Amino acid sequence: MKLTAQLKLQPTAAQADALRRTLERTNEACDWIGKRAWESETFRQYDLHKLCYRDVRERFGLAAQVTVRAISKVSDAYKLDRDVQRTFRPLGSIAYDARILAFAESAVSIWSLDGRLPIPFVCGEPQRALLAWQKGESDLVFREGHWYLLATCAIPAASPATGPAMGVDLGIRNTAATSHGTLHAGLARRQFKEKRHKVRASLQSRNNRRARKALRRQSGRERRRITWENHNLSKALVAEAEGTQSGAIRMERLAGIRRRSKIFNKHTNRMMSGWSFGQLQMFVAYKAERCGIKIEYVDPAYTSQTCAQCGALGVRRGDVFSCTTCGNSHADVQAAVNIAAGGVARPGRGKPSRIAAKCKSVSHCEN
């Protein structure tokens, strides 16, 4: 599997200026290549290389491999859409490979318009451990006044785990519940999101210079907080699966749930639209894959309305599930147990016969 290690570069003022000019010059070259490709209707990388390589070298003064990477960037952009001419931001990221980038213990040697620059970097221990498997391209990124290097790392596959599957039920009231009875409450997350909504609404209603400045300063705070929480929660779920010797983690196939859900008011609509189950499922998937644990997705229909012991339909009121035969239990835990079993029988349709295994894409998720 492939993971990305994010390294924060610490260039001097002169080195930062050289990196900035390198980004601007390379993206200027990409704009020129994109215009040539559009006018000549030449989009394949091999053909575009023959058309533009020498002219780009002479016109923009880029190194050979930087020119190759610029041509590749334009070709990849046209793979997505050939209906419009592609343009590139002056400070958009550019790719480096082993010919123009070398890693040392705490520094990188990176090509720029001023030649090779030795630039120190800082990162966490997990990212530093990933660098042992660094392979392929790395992206130079300038974001909010800081320089980052996103290095691709090819992690060797782990030996497959064996054992019964662990079910995970995702929700808003309880962010996650496992078939072993572990609950991860979502109250603090809901309160945080509601508070951020009120702050944004108050600032937007003022619509003056100070309010707009405050909005820009707080931009992304909620997204970063939820991403951090999802990382921690996914670690806990995978650690529980490892600790219970589970061979697979089964979760709900939630694609299209926002379209199927009945929205009653603005508050419910906002909570549903901000439910980041897709990101959480993606984090669980790649962390589990590193441990050799399979990821499977099952039909969520009736999982929280069916008793996991006797299979009878019950009544759910809030977090409480009531079964006339087995008594009361937690609805989300009941759902997680049913998910671990592969789903439940739908009235008149029988039990689902197929469990969808994890695929390489994450198109089944919504963010």
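As shown above, the structure is provided for reference.
This one's a predicted model, so the numbers in the text were calculated from it and none came from an experiment.

The rules behind the values
Residues numbered from 1 in each chain as written. Predicted model: local features only at pLDDT ≥ 70, side-chain atom pairs only at ≥ 80, totals over all residues. Heavy atoms only, no water. Pairing = 2+ DSSP bridges. Helix = DSSP H or I, 4+ residues; strand = E, 2+ residues; numbered from the N terminus. Axes fitted to C-alpha atoms, helices over the stretch in contact; angles between N-to-C directions. Contact = heavy atoms within 4.5 Å. Parallel < 35°, antiparallel > 145°, perpendicular 65-115°, else oblique. Nonpolar A, V, L, I, M, F, W, Y, C, P; charged D, E, K, R; others polar. Phe/Tyr/Trp six-rings, centres within 6.5 Å; stacked < 30°, edge-to-face > 60°. Buried < 20%, exposed > 50% of the residue type's maximum accessible area, 1.4 Å probe, protein only. Lys NZ or Arg CZ within 6 Å of the ring centre and 35° of its normal.

Asker: Would you explain the sheet that holds strand 4 (residues 107-112) in this entry?
Answerer: As a general point, the strands of a sheet are linked pairwise by backbone hydrogen bonds and lie either parallel or antiparallel. Pairing is antiparallel in the open sheet, where 7 strands are placed in the order 2-6-7-1-5-4-3. Sheet topology places strand 2 (94-96) and strand 3 (101-103) at the edges, where each strand pairs with a single neighbour. Ignoring which end each strand starts from, the neighbouring axes of this sheet average 35° apart. With 3 bridges connecting them, strand 2 and strand 6 (residues 134-143) associate as antiparallel partners. Bridging from a neighbouring strand, A95 pairs with D139 of strand 6. Where helix 1 (residues 13-40) meets the sheet, its contacts fall on strand 2, strand 4, strand 5 (115-122), strand 6 and strand 7 (146-154), and the angle it forms with strand 5 comes to roughly 115°.

Asker: How should the packing of helix 5 (residues 187-206) against helix 7 (residues 221-243) be read in this particular structure?
Answerer: The relative placement of two packed helices is expressed as an angle between their axes plus a distance between the axes. Running from N to C, helix 5 and helix 7 cross one another at 170°; their axes reach a closest spacing of 11 Å. With respect to each other, helix 5 and helix 7 are oriented roughly antiparallel. Mapping the contact onto sequence places R189, F192, K193, R196 and R200 in helix 5 and R221, E222, R225, I226, E229 and N230 in helix 7. Considering only residue class, the contact of helix 5 with helix 7 consists of 2 nonpolar, 1 polar and 8 charged.

Asker: What's the story with the packing of aromatic side chains in this structure? I'm lost.
Answerer: Given two aromatic rings, one states the distance between the centres and the angle between the planes to describe the pair. Applying the stated criterion across every chain, the model contains 5 aromatic pairs. Ring centres 6.1 Å apart and planes at 65° place the aromatic pair W32 and F60 in the edge-to-face group. Taken as a pair, W32 in helix 1 and F60 in helix 2 (residues 45-60) lie far apart in primary sequence, 28 residues in all. With respect to burial, W32 and F60 carry one shared label: buried. Each ring, one from F43 and one from Y78, has its centre 4.8 Å from the other, and the planes form 50°; the classification is tilted. Here F43 is found in the loop between helix 1 and helix 2, whereas its partner Y78 is found in helix 3 (residues 64-80), with 35 residues between them in sequence. Like F43, the residue Y78 is buried in the burial classification. One residue, R143, lies across the ring of Y148, its end atom 4.6 Å from the ring centre.

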